[in-house]
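Summary of structural features
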Amino acid sequence: MTRSSFGQARVSVALIILSLFVSSCTSSANGRFYGKTEVPKANVLKYVSGSEPESLDPQVPTGQPEARILMAMYDGLLEYHPKTMEPIPAIAESWETSSDGTEYVFNLRKNAKFSNGDPITAKDFVYTLRRAMSPELAAQNAYLAYYIKYSEAYNGGKMFVQDEKGNFLIKKDFDPESGGGEASASTIGADSGFHQFIKAPERLTVASDTFTLAKTLEGDDKLKPFFKIKASELKDSSAFVSQVNNGTDGVSRLLQAKLGNALTGCAATCDETAKQNLIDGLNKILAEESLNSAENTEGLTLSEAAKKLIGKFEAENKKIADANQKLDQEIAAAETAEDKEAKTKKKKKPLTKFFYTNRVLLEGYYSGSFAKMPLVTVKGEDMGVEAIDDYTLRITLYQPAPFFLGLLPHQFFRVVHQRTIETHKENWVKPQNIVTSGAFKLVVNKPYDQLVVEKDPNNWDASNVKLDRIEFYPLDEQTTMMNLYKANEVHATYNHTTPAAWNEVVREFKDEYLNHPEVANEYYCFNVKKFPTDNPKIRQAFALAIDRDGLSKFRKTTKPLFNFVPEGILTKYDEARTKIFAEELKANKISAEDWGKRMFDAEQARRILTEAGYPVVKDGDSWSCPTFPVDKVSVTYNTSESNKATAEFMQSQWKQNLGITVPLKNMEWKTFLPVRKVVDYQGLARSGWVGDYMDPYTFLNLFYRDPNDSSTGWHDPKFDKMLDEANKEIDPQKRFEILARAEFLMLQNQPVLPLQTQATNWIKKPFVKGMYPNPGTLHAWKFIYLERDPSKWDTQVENLMKVNDAAVDEQLKQLEASQKAFEANKPAASKPAAAKLD
Amino acid sequence: MFSFIIRRLLIIFPMVLLVVSVTWGLIRMAPGNFYSGEKKLPAAIEENIKEKYGLNEPIYMQYLIMMGNVLRLDFGVSLKYTDRPVNQIIRDHFPYSATLGIFAYLLALVIGLSAGFIAALKQNTAADYASMSLAMLGQSVPNFVVGPILVIVFSLWLYIFPPARAGGFMNYVLPVITLSAIYAAYIARLTRAGMLEVLRSDYIRTARAKGLDEKTVLFRHALKGGLIPVVSFTGPALAALLAGTVVVERVFAIPGLGNIFIQSVLNRDEPLILGIVAFLSILIMAFNLIVDISYAFLDPRIRYE
Amino acid sequence: MQEEIIKGTSLWQDAWKRLLKNKLAVFGLIIVVLMTLTVFIGPILLENFAKITADGVPRDSALLKSFAPSQRHWMGTDDLGRDQFARVLQGGRISLMVGIISTIVSLLVGVSYGAIAGYFGGRLDNFMMRVVDGIYSIPYILVVIVLLSVFGGPNTPGWIKSLSVTFGGGEGMSQIFLLFFALGLVSWLTMARVVRGQILSLKNQEFVLAAKATGVSTFRIIFRHLVPNVLGVVIVYATLTIPSVMLTEAFLSFLGIGVQAPYASWGSLVADGIKNISIYPWQLIFPGVTMALTLFSLNFLGDGLRDAIDPQTRKF
């Protein structure tokens with residue numbers, strides 16, 4: 001072999017391989033289907049379910065991959081509709097809602113059984129929920145059930161507080177605006193002793209550190225450093241408060257969980273030295289905050305003391321707010337960027353209500369007026385879940401939550417078998433021990449390889465279950481699953497599985513490729529607390545300069561999004577939103593045309609930015625904005641192919657339309673999360689949200705209260721009030737209208753830059769029927785079957801949601817009959833709230 | 001020899017403890033933790049989790065507890081896969097990696113030895129150049145390229161082997177070939193070099209002069225000497241194989257330990273990371289020891305005091 | 001001393017002659033030199049004459065997709081419509097830098113370690129070599145992965161960041177600098193062993209004894225007299241370390257923890273390309289062939305150098 005022939009050989013080998021691939025893809029693209037397509041001989045579905053399930057205990061894992069598997073193995077009160085994901089009857093054959101929307105009574109079917117043949121009763125649901133919320137299980141999903149009365153208190157190990165006379169303190173005395181203080185006006189189902197307790201006005205609960213309460217404070221090393229930090233760090237009371245409210249670690253955790261509250265707990269258990277230490281610590285806080293000393297709470301009853309204190313805090317709050325407002329004006333008038341920044345730094349954050357409660361108790365303890373205050377730990381038995389009889393279950397919420405039924409099909413609420421769990425403890429999910437409640441039972445569990453479930457003859461709906469087995473493959477390598485799909489080794493994949501670059505090829509297979517809107521959005525958060533994105537004009541300019549149509553064309557699978565709640569799935573909400581936005585525009589004197597332009601209006605963006613003090617000037621054939629502080633903004637995103645692509649697209653848009661080159665910063669996922677969580681990024685950060693249930697509230701809730709989950713630092717009491725009001729509204733359409741108003745308010749402030757509604761983006765073989773591209777890609781497996789007759793295979797799946805499948809429709813009709821019959825037999829008065837089925 | 005083995009065995013334990021301690025320190029320095037996710041946890045839930053996993057203990061206590069677990073060789077339960085003890089995960093998944101690794105190494109030995117042997121005998125001929133160029137090529141193409149190419153040709157185009165997933169013999173063909181390529185190449189080069197050196201040595205000359213027939217010279221005398229570099233390569237090769245399996249496991253969706261390890265690092269799944277690191281270190285050290293002992297049998301010149 | 005230098009020169013000349021006789025090695029040398037030049041000059045030419053940069057994303061969103069090779073884009077474009085040729089060149093810079101700088105790091109550590117162990121001998125040598133044995137048995141790739149995922153992104157230590165800034169990379173390059181160190185720190189072991197062996201055999205030679213007798217400091221003896229004498233072996237091993245480090249980097253890129261966007265290396269380009277192989281084959285073929293050819297040449301060159309400089313060591 002000569003020297004140069006090496007290179008040549010290498011190139012020719014490459015060319016041969018290249019031609020092989022080209023020929024192989026063209027040959028398959030000419031076929032009607034993507035790769036090999038044959039109905040398997042056995043009645044078995046092979047499904048790629050996503051990454052390895054974290055646990056088979058339905059109350060433990062949080063991800064969708066687990067949800068898909070657990071939905072097969074466990075049944076709950078309700079099930080997801082295979083197309084819309086609205087709740088449909090499962091173990092509860094019918095249900096009723098109280099007229100104020102705080103109580104639900106479920107009538108369970110009598111033939112529901114666990115996989116070992118034991119009957120499923122209301123007591124099993126009570127057990128399931130109490131276990132789910134127990135602090136010992138430490139379930140990450142527990143927040144889903146926080147709407148159930150006292151469940152949050154139980155999960156957080158909180159305590160009821162009794163006053164001097166032995167009466168329990170009532171929450172609304174301390175926090176009049178918190179809502180949920182009223183006694184439940186309307187009730188349904190039989191009355192009982194428990195019911196008397198649960199429907200009474202909500203008691204005050206204080207977070208007490210039940211784990212360390214037993215130890216005396218003296219012996220608690222963790223509190224000692226706290227006292228040390230306090231004196232030095234509390235120079236600035238607003239910093240202190242924001243630390244308490246925003247922080248998740250260090251001082252603030254100690255403050256929140258231990259000091260603010262364990263102190264009250266200490267009343268009962270501490271010895272004299274410990275108390276003295278405490279009082280010293282408190283003295284430091286109170287002296288620093290200069291709020292107390294003058295006022296004396298001694299001799300007042302607790303409620304009087306509380307009111308007095310609340311008044312004091314509110315006055316303080318007002319002072320801060322006024323000062324902030326003044327500063328705002330000064331900022332607007334400021335001439336230089338430095339001046340602006342300096343002034344922005346001066347702004348103080350108002351004290352929050354969350355803190356009041358603790359302060360009241362601290363103050364009370366400090367002044368000695370309730371030094372002997374007894375505390376009672378909230379137990380699982382106190383939660384608003386009651387088995388009225390074996391087949392009637394009552395759930396009481398602390399405030400109306402019209403989306404509550406929509407939450408119930410979630411795996412977190414699916415029923416588990418008490419005896420198995422108590423016998424086998426943490427080993428109960430092992431294949432030899434597990435007892436399940438769903439249409440399928442576990443037969444093989446080989447982690448990272450496969451998980452096989454088999455039709456359970458004991459299931460109440462077994463006659464309607466069509467598949468014999470489902471094989472779940474826990475895979476997340478996209479290329480690998482595409483290969484398996486092409487080789488007919490899997491029949492369907494989960495969502496977002498077609499690799500971006502493959503999309504052009506795959507979407508040509510019209511009978512297989514599913515891309516429908518999802519109940520998930522993608523957006524960029526603005527840091528509204530840091531210069532320069534604290535200026536709404538700058539936020540608006542940045543948002544206006546993005547061609548979202550171009551973005552979704554580029555991303556191929558997503559749809560452009562201009563509002564925050566995803567479009568095209570919650571159709572009733574979309575209607576309400578259209579109506580309300582039109583009204584709001586009129587009220588705000590914005591022309592519909594201008595509003596329509598907010599989707600993309602580079603000129604307007606430049607104008608606004610100029611108004612904000614950063615003139616955009618023509619520079620040859622492009623734009624430039626020389627005064628903009630580019631070093632103060634960046635786009636932070638977690639490392640991923642698609643995030644990178646989006647960020648680069650955004651970067652080029654801003655460059656092109658505003659003349660600003662925003663730097664990009666990528667971080668590994670686990671590093672990125674804490675940065676975004678404490679709103680520690682500069683300018684913008686990438687974010688996305690997958691709805692927990694089919695209701696706009698799951699999205700708007702992100703901006704509720706302060707601190708909230710939006711990672712923007714934005715907060716508006718008006719917005720909170722609107723959400724509270726909406727949830728008290730019984731009429732669903734009116735409720736949506738209030739929510740839409742809230743969304744409008746938020747959007748006008750532009751704390752986020754909505755980008756796109758996610759889309760399902762997955763493929764299935766045409767012979768898999770009864771499987772729909774629903775907004776969460778969560779399939780009720782009992783509706784799915786394999787069609788052997790090619791003439792009945794799914795075609796043009798773009799329209800799949802509109803096509804009626806007789807088999808599925810019949811099954812749905814049967815299921816829904818019980819609830820329809822129940823409503824028909826009911827007095828008309830209590831009807832409206834239960835009308836979720838249409 | 002005996003005391004050498006004992007000394008080497010004794011050093012394994014402090015080494016493992018050191019490796020585990022360093023790894024633990026690195027994990028603790030990393031930002032984020034196993035429960036951080038897209039949805040923020042309410043403070044109460046986070047507190048419950050911290051309490052459950054002992055994260056509220058002082059840091060030195062957490063370290064001591066961890067070391068206690070390591071000494072008992074019980075790493076507790078994975079933080080991510082809460083149903084599964086770490087020891088069981090290792091027990092369940094190591095066999096997949098081991099199967100892959102062993103078969104790949106055997107295949108590499110067969111191919112590498114014969115190619116290297118032939119190349120050495122026919123030095124500077126077309127056969128020599130061809131096999132050495134192939135070997136170089138094997139060492140220049142990453143295995144995450146070889147794997148998918150094999151899949152496309154043999155699974156999606158010819159439909160001979162399944163494209164992925166563990167299972168029967170057919171499932172292992174492509175991954176084993178993929179994994180063995182680079183080792184076959186390396187072994188071929190080592191064998192050739194080793195053989196050339198041996199063939200030029202005095203004792204082979206003596207054997208030939210003695211009038212032994214060529215076959216005996218080559219297979220009884222030369223091959224044994226030529227094997228020594230291959231044997232010494234086995235230690236590092238096994239270490240590298242463990243890394244190599246990561247890629248192959250991912251490309252072919254085989255539930256082996258390598259990929260689980262990568263995932264555990266990304267998940268900050270501390271017990272699982274520590275368990276796998278400790279297990280693999282022990283394994284590699286043990287293999288190195290065996291390699292060193294086998295030297296003594298192959299090469300009479302090597303002695304251990 | 002005078003004689004030493006003359007003898008040394010003739011040794012190098014000898015080696016050079018021997019190397020030139022080895023056709024494969026010469027082929028490797030030519031390719032490596034050409035590749036290095038192309039990679040460092042190419043992007044400048046491309047930017048000035050064709051206005052193509054490695055990170056230039058087209059403005060028109062219709063162009064944000066992968067195009068097959070054409071007259072303007074010789075190697076086609078990637079998923080974002082960026083010119084693949086420019087990216088291969090830029091990736092080459094980073095790949096070669098990863099290879100060379102990591103190797104330098106491994107040289108610095110390995111040579112000093114080996115030289116010190118070899119020169120002092122005895123207990124110190126014994127201890128230092130046991131440490132090397134110990135580290136050999138740590139699955140090094142695990143350490144690299146943990147290191148990179150822990151110290152990647154915003155957790156990069158300040159001194160690496162400032163190094164990156166000093167060398168003109170800006171803070172964005174610090175992940176790559178981290179990679180240099182991580183890879184260097186795990187590939188010095190063989191170097192240390194080899195150097196120690198050479199020093200052991202050299203340290204009792206007359207020129208060392210002479211230096212000792214004239215009161216030259218130990219440090220000077222090691223680094224001025226002994227180390228230059230083992231340079232040949234060191235160069236050989238360095239040439240063989242470069243391709244193996246580059247391959248390791250590719251492997252890390254495949255796992256998603258190697259070079260991070262917006263930077264690319266041959267490894268990361270190949271890792272991206274293999275995912276789209278059946279749809280956009282040019283995304284794999286061009287970076288793949290370039291990388292394989294370079295590694296191929298480096299290996300041949302390394303082998304050739306070994307035969308030329310150090311005919312005795314034939315083990316890896």
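Residues numbered from 1 in each chain as written. Chains lettered and ligands numbered in written order. Predicted model: local features only at pLDDT ≥ 70, side-chain atom pairs only at ≥ 80, totals over all residues.

1. Points about helix H3 (residues 59-71) of chain B
End to end, H3(B) covers 18 Å across 13 residues, agreeing with the expected 18 Å (1.5 Å per residue, within 8%). B:Leu73 sits one or two residues past H3(B) and shows a positive phi near 55°. (Helix = DSSP H or I, 4+ residues; strand = E, 2+ residues; numbered from the N terminus. Expected span 1.5 Å × (residues − 1).)

2. What to know about helix H23 (residues 602-611) of chain A
Residue and element names in this part refer to chain A. Every buried residue belonging to H23 is among Ala605, Arg606, Ile608 and Leu609, and all of these are buried. Angular distribution of buried residues about the axis of H23 spans 165°; they occupy a single face of the element. Exposed and facing more than 90 degrees away from the buried side of H23 are Glu603 and Glu611. Downstream of H23 by a residue or two, glycine 613 has a phi angle that is positive, lying close to 105°. (Buried ≥ 20, exposed ≤ 12 C-beta atoms within 10 Å, placed from the backbone. Arc of directions from axis to C-beta.)

3. Here's the deal with the confidence of the model for chain A
For any part of a model where pLDDT is low, the fine detail of the predicted coordinates should not be relied upon. All names here are of chain A. Model confidence for chain A is summarised by a mean pLDDT of 78, while 76% of its residues fall at 70 or above. Of the regions scoring below 50 in pLDDT, residues 281-299 engages in 29 contacts with residues more than four places distant in sequence or in other chains. Throughout residues 829-838 the model reports pLDDT below 50, and contacts reaching past four residues in sequence, or to other chains, amount to 18 contacts. (pLDDT = per-residue confidence, 0-100. Contact = placed C-beta atoms within 7 Å.)

4. Focus: the pairing of strand E21 (residues 683-690) of chain A
Looking along a regular strand, one sees the side chains alternate between the two faces of the sheet. Residue and element names in this part refer to chain A. E21 sits mainly inside the fold: six of its eight residues count as buried. Two strands pair when backbone bridges link them, and strand E15 (residues 517-526) and E21 are joined in this way by seven bridges, in the antiparallel orientation. From the neighbouring strand, alanine 520 faces E21, where its bridge partner is valine 690. With three bridges connecting them, strand E19 (residues 634-638) and E21 associate as parallel partners. From the neighbouring strand, serine 634 faces E21, where its bridge partner is glycine 683. (Pairing = 2+ DSSP bridges.)

5. Some remarks on the sheet that holds strand E16 (residues 559-560) of chain A
All names here are of chain A. With mixed pairing, six strands are arranged side by side in an open sheet as E16-E22-E15-E21-E19-E20. Pairing within the sheet leaves two strands with one partner each, and these edge strands are E16 and strand E20 (664-667). The strands touched by helix H20 (residues 548-555) are E16 and strand E22 (752-759); relative to E22, the strand with the most contacts, the crossing angle is about 35°. In the packing of helix H24 (residues 641-658) onto the sheet, the strands contacted are E19, E20 and E21, and the crossing angle to E19 comes to about 170°. (Axes fitted to C-alpha atoms, helices over the stretch in contact; angles between N-to-C directions.)

6. As for the sheet that holds strand E12 (residues 450-455) of chain A
Residue and element names in this part refer to chain A. Within the open sheet, the four strands sit side by side as E1-E13-E12-E11. Their pairing is mixed. On the outer flanks of this sheet lie strand E1 (44-48) and strand E11 (440-446), each paired with one strand and no other. The mean inter-strand angle of the sheet, taken between neighbouring strand axes irrespective of direction, is 20°. As judged from the four bridges shared by E12 and strand E13 (residues 469-473), these two strands associate in the antiparallel manner. Note on E13: the bridge partner recorded for glutamate 454 is arginine 469. Set on the sheet, helix H2 (residues 64-73) makes contact with E11, E12 and E13; between it and E11 the angle comes to about 135°.

7. Overview of the pairing of strand E10 (residues 392-396) of chain A
All names here are of chain A. Of all the five residues making up E10, four are buried; the element is thus mostly covered by neighbouring parts of the structure. Bridge count between strand E5 (residues 103-108) and E10: five bridges; the pairing is antiparallel. Looking across to E10, one finds that valine 105 is bridged to arginine 394. Where strand E9 (residues 385-389) and E10 come together, four bridges link them in antiparallel fashion. Residue pairing in the sheet places valine 385 in a bridge with isoleucine 395 of E10. Here E9 folds back onto E10, and the loop between the two strands holds two residues.

8. Thoughts on the packing of helix H3 (residues 84-120) of chain C against helix H8 (residues 189-202) of chain C
Residue and element names in this part refer to chain C. Here H3 crosses H8 at 35°, and the two axes come no closer than 7 Å. Classified by chirality, the crossing of H8 by H3 is right-handed. Here H3 contributes Ser106, Leu107, Gly110, Val111, Tyr113, Gly114, Ala115, Ala117, Gly118 and Tyr119 to the contact with H8, which in turn contributes Met191, Ala192, Arg193, Val194, Val195, Arg196, Ile199 and Leu200. Split by residue class, the contact of H3 with H8 holds twelve nonpolar, four polar and two charged. (Left-handed = near helix turned anticlockwise from the far one by under 90°. Nonpolar A, V, L, I, M, F, W, Y, C, P; charged D, E, K, R; others polar.)

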